[in-house]
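# Structural overview for review
Spelled out from the first residue to the last, the chains are:
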There are 2 protein chains.
Amino acid sequence: MKNNGLLLVLSGPSGSGKDTVIAELMKLGLDMVQSVSMTTRAPREGENHGVDYLFVDTDYFTDAIENKKMLEYAQYGVNFYGTPKEPVDNWLSEGKIVILKIDVQGCENIKKMYPDALTVFITPPNMTVLEKRLRRRGTETDEDVERRLKIAIDEINKIPLYDYVVINDELEKAVDDVYTIIKAEQLKVSRRTNILSEVKDNV
Amino acid sequence: MKNNGLLLVLSGPSGSGKDTVIAELMKLGLDMVQSVSMTTRAPREGENHGVDYLFVDTDYFTDAIENKKMLEYAQYGVNFYGTPKEPVDNWLSEGKIVILKIDVQGCENIKKMYPDALTVFITPPNMTVLEKRLRRRGTETDEDVERRLKIAIDEINKIPLYDYVVINDELEKAVDDVYTIIKAEQLKVSRRTNILSEVKDNV
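## Observations concerning the interface of chain A and chain B
On the chain B side, the residues contacting the 33 residues of chain A number 33 residues. Between chain A and chain B lies a buried interface of about 2,900 Å² when both sides are counted; carbon and sulfur atoms form 70% of it. Considering only the side of chain A, the residues that lose the most area to chain B are L187, V189 and V199 of chain A, jointly responsible for 21% of the buried surface there. Taken together, the connections running from chain A to chain B amount to 0 salt bridges. Elements represented by at least two residues in the side of chain A that touches chain B include exactly α5 (127-136), α6 (142-156), β9 (164-167), α7 (171-185) and α8 (195-199) of chain A. For the side of chain A that touches chain B, the class distribution of residues is 19 nonpolar, 6 polar and 8 charged.

Set out below in structure tokens:
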């Protein structure tokens, strides 16, 4: 008995550890895929097409927008970033859990198109911890850190738009929380359209 | 930081094993209480006032109904059964998880009064298993079993009214499922009214 797929939107500020949470989730043996974003920016050292991003040119991207082939997209500077719709729909029809890692604005758009998408905000436990994490990277100037903290606050203020919030204090607990949210979602009556015939087998 | 309490409504046909599921849940160290029903029927051998039921007389019960002190009630034959409102409200204000074991009709009424109550239907995996369980008790005639199976079907047909459905095939799995539902519920943004001030501590 195959249930319908589950679209899981994960957001969280830089330094919330959402990439690590996703990486750990992927190890848990769920039937789960992560959507790969499409971008017009150039690949960085070590980035691979189809793994880190789908790297395309601007014409290709704007055509995709025009032809309604993008689930959501945003422009930062001259570069486009977004989520192609077709692979997501295919995975969902196969019953998979599809992870979309997107920002708050993208989340609002997804929710309009997929009202039963599950939206989860990953947050650092507090701003002190977030600042420490950002400084520990060692690659960012004081200004960068200040800027990232300000953006983080803006994002954290959008938590009320999400279904669930997971505090990433200890990684293992945060991963377990997201796992719990997924497992509970799969027990929802609204997702188990065959439940009546399943139970009333021999009637 | 105390979250608000959680009203957990559990229903399920006779033979679904919901009492055992509840008994196991109570062992898990959650801050959980089970509401004790009030009834006008006489105590049976071994039943204790305040544990199995609050045993009261009919005048007391009908007064309680008149004074809006009952969350829900039903009359079977000459006897009344129902849930007193005050202890439930007190426990919820203390942040506890309050378990109400009630039938489908009671569930609908509760949902009207407490729209954020969490409703879970515990079901046997199928009717063959249910019939085996009912016959195994050894205390019921063929007629009793037939009657219980018919009632069970009526109840199972009401699953779409519930938020979640848990199939009680293996007890441990069923208990774990209800636990998962509770834990996920506690991660809902709508239940964590202090989350913004919690995270933005030093801003």
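## Digging into the relation of the copies chain A and chain B
When chain A is fitted to chain B, the residual RMSD is 0.0 Å, and the transformation amounts to a turn of 180° plus an axial shift of 0.0 Å. Classification of the inter-copy transformation places it as that of a two-fold axis. Here 100% of the interface residues in chain A have copies in chain B that are interface residues too; the copies meet face to matching face.

## Some points on the packing of aromatic side chains
Within the structure shown, the criterion is met by 14 aromatic pairs over all chains. Each ring, one from Y53 of chain B and one from Y81 of chain B, has its centre 6.1 Å from the other, and the planes form 65°; the classification is edge-to-face. Taken together, the residues span a long stretch of sequence, with Y53 of chain B in the loop between β3 (38-39) and β4 (54-55) and Y81 of chain B in strand β6 (residues 79-84) at a distance of 28 residues. Seen in terms of ring centroids, F121 of chain B and Y162 of chain B are 5.3 Å apart; in terms of plane orientation they differ by 70°. Their pairing is edge-to-face. On the criterion of sequence distance, the pair formed by F121 of chain B in strand β8 (residues 118-123) and Y162 of chain B in the loop between α6 (142-156) and β9 (164-167) is long-range, its members being 41 residues apart. The rings of Y53, F55, Y76 and Y81 of chain A are connected pair by pair, giving a single aromatic cluster.

## Quick look at the nonpolar core
Core analysis: the biggest nonpolar cluster contains 44 residues, and L8 of chain A together with L8 of chain B have the highest contact counts within it. Non-local contacts of L8 of chain A, meaning those with residues more than four positions away in its chain, are made with I97, V98, I99, L100, L118, V120, V178 and I182 of chain A. V9, V88, V145 and Y162 of chain B belong to the second largest nonpolar core, which has 30 residues in total.

## Digging into the environment of Q75 of chain B
All names here are of chain B. Tracing the backbone through its elements, the reader meets Q75 in strand β5 (residues 70-76). By relative accessible area, which is 47% here, Q75 ends up partly exposed. Between the C-alpha atoms of Q75 and V120, which are 45 residues apart in sequence, the distance is 23 Å.

## A look at the pairing of strand β6 (residues 79-84) of chain A
Residue and element names in this part refer to chain A. The pairing of strand β3 (residues 38-39) with β6 spans 2 bridges and is antiparallel. What sits directly across from T39, in β6, is Y81. Of the strand pairs in this sheet, strand β5 (residues 70-76) and β6 are connected by 6 bridges, and their pairing is antiparallel. Looking across to β6, one finds that M70 is bridged to P84.

## Here we look at the environment of K68 of chain A
All names here are of chain A. You can see K68 is positioned in the loop between α2 (58-66) and β5. What makes K68 exposed here is its relative accessible area of 69%. Residues K68 and K85 lie 17 residues apart in sequence; the distance between their C-alpha atoms is 8.3 Å.

## Topic: the sheet that holds strand β8 (residues 118-123) of chain A
Residues and elements named next belong to chain A. Ordered in space as β2-β7-β1-β8-β9, the 5 strands form an open sheet in which the pairing is parallel. One side of each edge strand has no neighbouring strand; the edge strands of this open sheet are β2 (32-34) and β9. Taking each pair of neighbouring strands and ignoring which way they run, the sheet shows an average axis angle of 25°. Here β2 runs beside strand β7 (residues 97-101); their pairing, made up of 3 bridges, is parallel. Looking across to β7, one finds that V33 is bridged to V98. Running at roughly 160° to strand β1 (residues 6-11), helix α4 (residues 104-113) makes contact with β1, β7 and β8 of the sheet.

## Examining the packing of helix α1 (residues 18-25) of chain B against helix α7 (residues 171-185) of chain B
Residue and element names in this part refer to chain B. In contact at an axis separation of 9 Å, α1 and α7 are set at 65° when each is read in the N-to-C sense. Considering the relative orientation of α1 and α7, their crossing is right-handed. Here T20, V21, E24 and L25 of α1 lie close against α7, whose contacting residues are L171, A174, V175, V178 and Y179. When its residues are assigned to classes, the contact of α1 with α7 shows 7 nonpolar, 1 polar and 1 charged.

## Some points on the side chain of E155 of chain B
Relative to the helices and strands, E155 of chain B is located in helix α6. Not counting residues within four places of it along the chain, the set of residues in contact with E155 of chain B comprises G12, P13, S14, V104 and F121 of chain B.

## With respect to the confidence of the model for chain A
Residues of chain A with pLDDT of at least 70 account for 98%, and the chain-wide mean is 92. Both confidence scores are given for the complex: pTM 0.89, ipTM 0.88.

Reading guide: rules and limits
Residues numbered from 1 in each chain as written. Chains lettered and ligands numbered in written order. Predicted model: local features only at pLDDT ≥ 70, side-chain atom pairs only at ≥ 80, totals over all residues. Heavy atoms only, no water. Contact = heavy atoms within 4.5 Å. Buried area = accessible area lost by both parts, 1.4 Å probe. Salt bridge = Lys/Arg side-chain N within 4 Å of Asp/Glu carboxyl O. Helix = DSSP H or I, 4+ residues; strand = E, 2+ residues; numbered from the N terminus. Nonpolar A, V, L, I, M, F, W, Y, C, P; charged D, E, K, R; others polar. Least-squares fit on C-alpha atoms with pLDDT ≥ 70 in both. Phe/Tyr/Trp six-rings, centres within 6.5 Å; stacked < 30°, edge-to-face > 60°. Core = buried A, V, L, I, M, F, W, Y, C linked by side-chain atoms within 4.5 Å. Buried < 20%, exposed > 50% of the residue type's maximum accessible area, 1.4 Å probe, protein only. Pairing = 2+ DSSP bridges. Axes fitted to C-alpha atoms, helices over the stretch in contact; angles between N-to-C directions. Left-handed = near helix turned anticlockwise from the far one by under 90°. pLDDT = per-residue confidence, 0-100.

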